[in-house]
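Each chain is listed here by its residues.
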Amino acid sequence: SQLVTVIAGVSLICWIMFSLIKIIPPTGTVESSWYSSYFTRPELTYFYIYFEPQKIIFFGRTLIRNCAIFTEAPMFTWHLISALLAELFLNKKVSVIRTVILVLAIISTVSTMGYIFGLGALILRLIIAVLRSRKYKDLKKGTKTVIWIAAAAVIIAAGVVSLLLLKEKLIT
């Protein structure tokens, strides 16, 4: 997960500087045959460490997706989600900095899969942390009920957001 976090951090800096702010023009192109074996397509690159192969219409706005060194955003998102899951559930101590970098990179990919799985992982980790806390164990039953109702509300809200994202994806 550390290597993916480094790639995520570099790609976030590049995405902000090159794709959003556009401080310099692309430094070259790379021919890609990822989309078809019959023809190649030029992809913009910045110093061969960051590429712009995909744009997406997201809630009516055209955005450049952060693909880092990958040919498409979902491929990058898969690596980011894997690293986020490792960070949240396999490491003994969760690094807030690594988690924030991974979450921001997931957001920058504008990937429905990333949003749904990332949000789900964060909510699950939060629920596990609450259940393991000593303070939770000392709470009265009524307070625990309120916490579970609040957790259910957050999960329902996350489900609604996920459905809105899926609806937007189906429209485009």
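Residues numbered from 1 in each chain as written. Predicted model: local features only at pLDDT ≥ 70, side-chain atom pairs only at ≥ 80, totals over all residues. Heavy atoms only, no water.

Visitor: What exactly am I supposed to notice about the pairing of strand β5 (residues 61-64) here?
Guide: On a regular strand, one side chain projects to one face of the sheet and the next to the other, so that they alternate. When strand β4 (residues 55-58) meets β5, the two strands line up antiparallel, connected through four bridges. Across the sheet, I57 pairs through a bridge with T62, a residue of β5. Adjacent in sequence and paired antiparallel, β4 and β5 are bridged by two residues, among which F59 carries a positive phi angle near 50 degrees. (Pairing = 2+ DSSP bridges. Helix = DSSP H or I, 4+ residues; strand = E, 2+ residues; numbered from the N terminus.)

Visitor: Could you clarify how one ought to interpret the packing of aromatic side chains in this entry?
Guide: Note on aromatic pairs: each is described by the distance of the centres and the angle between the planes. The final tally for this structure, using the stated rule, is five aromatic pairs. Relative to Y46, the ring of F18 lies with its centre 4.5 Å away and its plane at 10 degrees, an arrangement referred to as stacked. With F18 in helix α1 (residues 2-20) and Y46 in strand β2 (residues 41-46), this pair connects stretches of sequence that are 28 residues apart. Note on accessibility: F18 and Y46 belong to one class, buried. An aromatic cluster of three or more residues is present, and its members are F18, Y46, F47 and Y50. (Phe/Tyr/Trp six-rings, centres within 6.5 Å; stacked < 30°, edge-to-face > 60°. Buried < 20%, exposed > 50% of the residue type's maximum accessible area, 1.4 Å probe, protein only.)

Visitor: Could you clarify how one ought to interpret the sheet that holds strand β1 (residues 28-32) in this entry?
Guide: Backbone hydrogen bonds are what pair the strands of a sheet, in a parallel or an antiparallel way. Read across the open sheet, the three strands follow the order β1-β2-β3; overall the sheet is antiparallel. Because the sheet does not close on itself, it has two edges, and the strands there are β1 and β3 (50-52). Direction aside, the axes of adjacent strands within the sheet are offset by 40 degrees on average. Two elements, β1 and β2, share five bridges in a ladder whose sense is antiparallel. Looking at the pairing, V30 lines up with E43 of β2. With respect to the sheet, α1 is in contact with β2 and β3, its orientation differing from that of β3 by roughly 50 degrees. (Axes fitted to C-alpha atoms, helices over the stretch in contact; angles between N-to-C directions. Contact = heavy atoms within 4.5 Å.)

Visitor: For this particular structure, what's the right way to read helix α4 (residues 112-132)?
Guide: The periodicity of an α-helix, 3.6 residues per turn, causes residues three or four places apart in sequence to face the same way. Taking 1.5 Å per residue as the helical rise, α4 with its 21 residues ought to reach 30 Å, and the 30 Å between its terminal C-alpha atoms agrees with that figure. Within α4, burial applies to T112, G114, Y115, G118, A121, I123 and I127. (Expected span 1.5 Å × (residues − 1).)

Visitor: Could you clarify how one ought to interpret the pattern of salt bridges in this entry?
Guide: A side chain of one charge can pair with a side chain of the opposite charge when the charged atoms of the two come close. All chains considered together, the criterion is met by two salt bridges. The salt bridge involving E87 is made with R98; its shortest N-O contact spans 2.8 Å. With a gap of 11 residues between them, E87 in helix α2 (residues 73-89) and R98 in helix α3 (residues 96-108) connect regions that are remote in the sequence. Judged by its relative accessible area of 0%, E87 falls in the buried class. (Salt bridge = Lys/Arg side-chain N within 4 Å of Asp/Glu carboxyl O.)

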